[in-house]
Amino acid sequence: MAARAGAKVAPTPNPSNHSIQPYTTLHNPIQPYTTHIMKQIFILLPLLALTFVGCNPTPQNNEPMNNEVINAIMARRSIRQYHATPVARDTMMQIMTCGINAANGQNKQSWEVRIIDNPATMQQVQDLMVTGNPALQPDMVRGCMRGAPVMTFIARDLGYDFSAYDCGLLAGNMMLAAQSLGVGSICLGSPVRFINDAQNSAEILALLGFSDNYELCLCVGFGYANEAPAAKPRDINKVQFVD
């Protein structure tokens, strides 16, 4: 169609007359908000991670966690069947070093420990226990040590009224240290009764050689486990906070 006379005709755009801005210099109205959001995300991610860890401080359903001490506590079992393989004395000294580093009242270290790992000496103690308890079945007396190839006898200082608690803490450390080293353990009270109440108690205690004014109060057996007992249920409801 011909242009009307006198009308102004718009010039035809010529691409060559326009400069094209590079992509990186184009204005993006969303960019400031995107940058702000990304900064907030980078700030919040570490906080969310800490929140997740804080909400899950302990393993659920006895699942292992990345804490060797807690894993040893949760994995420890009382072992009642052992291989005959003896526990090396170097290993036992590691266990005992952990034991004597237990918390104890006023650092009195109100314990003494005697270790029997010689089968002949173990047999001698068991024979004396059987002789000193004629009213009891010999097999029951002999079996009270559960076949552990190493037996520790722990005595408390009668001059300190909290020494029994110290000995318990000592034994706890010993058993957890053993667990961490792949050694099974069991805490026993029957041998204590069969020795302290035996008619020949003085003879057995003389063999163990505790100092004067010390009383046998606890035994802990050690060895390599020949069983893998499951964990027994524990009642967390016995633990309560007092507000």
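Here, every reference points to the structure presented above.
A brief report on the enclosed structure follows. (Residues numbered from 1 in each chain as written. Predicted model: local features only at pLDDT ≥ 70, side-chain atom pairs only at ≥ 80, totals over all residues. Heavy atoms only, no water.)

Some details on the overall build of the protein chain
(1) Moving on: Helix and strand content of the protein chain: 8 helices and 4 strands.
(2) Moving on: Counting from the amino terminus, the protein chain carries its helices and strands in the arrangement α-α-α-β-α-α-β-α-β-α-α-β.
(3) Moving on: When the 243 residues of the protein chain are sorted by exposure, 29% land in the buried category.
(4) Moving on: Long-range pairs, those at least 24 residues apart, make up 82% of the contacts in the protein chain between residues at least 6 apart in sequence.
(5) Moving on: Of the roughly 16,900 Å² of accessible surface on the protein chain, 57% is carried by carbon and sulfur atoms. (Helix = DSSP H or I, 4+ residues; strand = E, 2+ residues; numbered from the N terminus. Buried < 20%, exposed > 50% of the residue type's maximum accessible area, 1.4 Å probe, protein only. Contact = heavy atoms within 4.5 Å. Areas by Shrake-Rupley, 256 points an atom, 1.4 Å probe, with all protein chains shown as cover.)

Here we look at the pairing of strand β2 (residues 150–157)
(1) Moving on: Most of β2 sits inside the fold, with 7 of its 8 residues counted as buried.
(2) Moving on: Relative to β2, strand β1 (residues 111–116) runs antiparallel, the two sharing 6 bridges. Paired with Ile 115 across the bridge in β2 is Thr 152.
(3) Moving on: Here 8 bridges tie β2 to strand β4 (residues 214–223), and the two strands are oriented antiparallel to one another. If you follow Ile 154 over to β4, its bridge partner there is Leu 218. (Pairing = 2+ DSSP bridges.)

Remarks on the packing of helix α3 (residues 89–100) against helix α6 (residues 163–180)
Axes are the key here: two packed helices are described by the angle between their axes and the distance separating the axes.
(1) Moving on: In the contact formed by α3 and α6, the axes pass within 7 Å of each other and the chain directions differ by 140 degrees. Classed by the angle they form, the pair α3 and α6 counts as oblique. When you trace α3 past α6, the crossing you get is right-handed. In this structure, α3 uses Ile 95, Met 96, Cys 98, Gly 99 and Ile 100 to contact α6, whose residues at the interface are Leu 170, Asn 173, Met 174, Ala 177 and Ala 178.
(2) Moving on: Looking at the contact of α3 with α6 residue by residue, the classes come out as 8 nonpolar, 2 polar and no charged. (Axes fitted to C-alpha atoms, helices over the stretch in contact; angles between N-to-C directions. Parallel < 35°, antiparallel > 145°, perpendicular 65-115°, else oblique. Left-handed = near helix turned anticlockwise from the far one by under 90°. Nonpolar A, V, L, I, M, F, W, Y, C, P; charged D, E, K, R; others polar.)

Some thoughts on unusual backbone geometry
(1) Moving on: In this structure, Gln 109 takes a positive phi of about 50 degrees despite not being glycine.
(2) Moving on: In this fold, Gln 109 is placed in the loop between α3 and β1.
(3) Moving on: For Arg 146, which is not glycine, the phi torsion reads 60 degrees and is therefore positive.
(4) Moving on: For Arg 146, the position within the fold is in the loop between α5 (138–142) and β2.

Concerning the packing of aromatic side chains
(1) Moving on: Under the counting rule described, the total for this entry stands at 2 aromatic pairs.
(2) Moving on: Ring geometry for Tyr 160 against Phe 162: centres 6.2 Å apart, planes inclined by 50 degrees, an arrangement best described as tilted.
(3) Moving on: Look at Tyr 160 and you get buried, because its relative accessible area is 11%.
(4) Moving on: Take Phe 162: its relative accessible area is 44%, and that puts it in the partly exposed class.
(5) Moving on: A ring pair is formed by Phe 162 and Tyr 165, whose centres lie 5.6 Å apart and whose planes are at 40 degrees; its orientation type is tilted.
(6) Moving on: The structure contains a cluster of three or more aromatic residues connected by ring pairs, namely Tyr 160, Phe 162 and Tyr 165.
(7) Moving on: The ring centre of Tyr 160 lies 5.3 Å from the NZ or CZ of Lys 108, which sits over that ring. (Phe/Tyr/Trp six-rings, centres within 6.5 Å; stacked < 30°, edge-to-face > 60°. Lys NZ or Arg CZ within 6 Å of the ring centre and 35° of its normal.)

Structural notes on the side chain of Asp 166
(1) Moving on: Topologically, Asp 166 is positioned in helix α6.
(2) Moving on: With no salt bridge to any partner, buried Asp 166 finds its closest opposite charge in Lys 108, at an N-O distance of 8.4 Å.
(3) Moving on: Non-local contacts of Asp 166, meaning those with residues more than four positions away in its chain, are made with Asn 104, Gly 105, Ser 110, Trp 111 and Tyr 160. (Lys, Arg positive; Asp, Glu negative; His and termini not counted. Salt bridge = Lys/Arg side-chain N within 4 Å of Asp/Glu carboxyl O.)

Description of the nonpolar core
(1) Moving on: With 26 residues, the main nonpolar core has Met 129, Met 145, Met 151 and Phe 153 as its most contacted residues.
(2) Moving on: Among the secondary structure elements, those contributing two or more residues to this core are α4 (119–132), β2, β3 (184–188), α7 (190–196), α8 (201–208) and β4.
(3) Moving on: Per-element tally for this core: the top contributor is α4, with 5 residues.
(4) Moving on: In contact with Phe 153, other than residues within four places in its own chain, are Glu 112, Val 113, Arg 114, Ile 116, Val 125, Met 145, Ile 195, Leu 208, Phe 210, Leu 216, Leu 218 and Cys 219. (Core = buried A, V, L, I, M, F, W, Y, C linked by side-chain atoms within 4.5 Å.)

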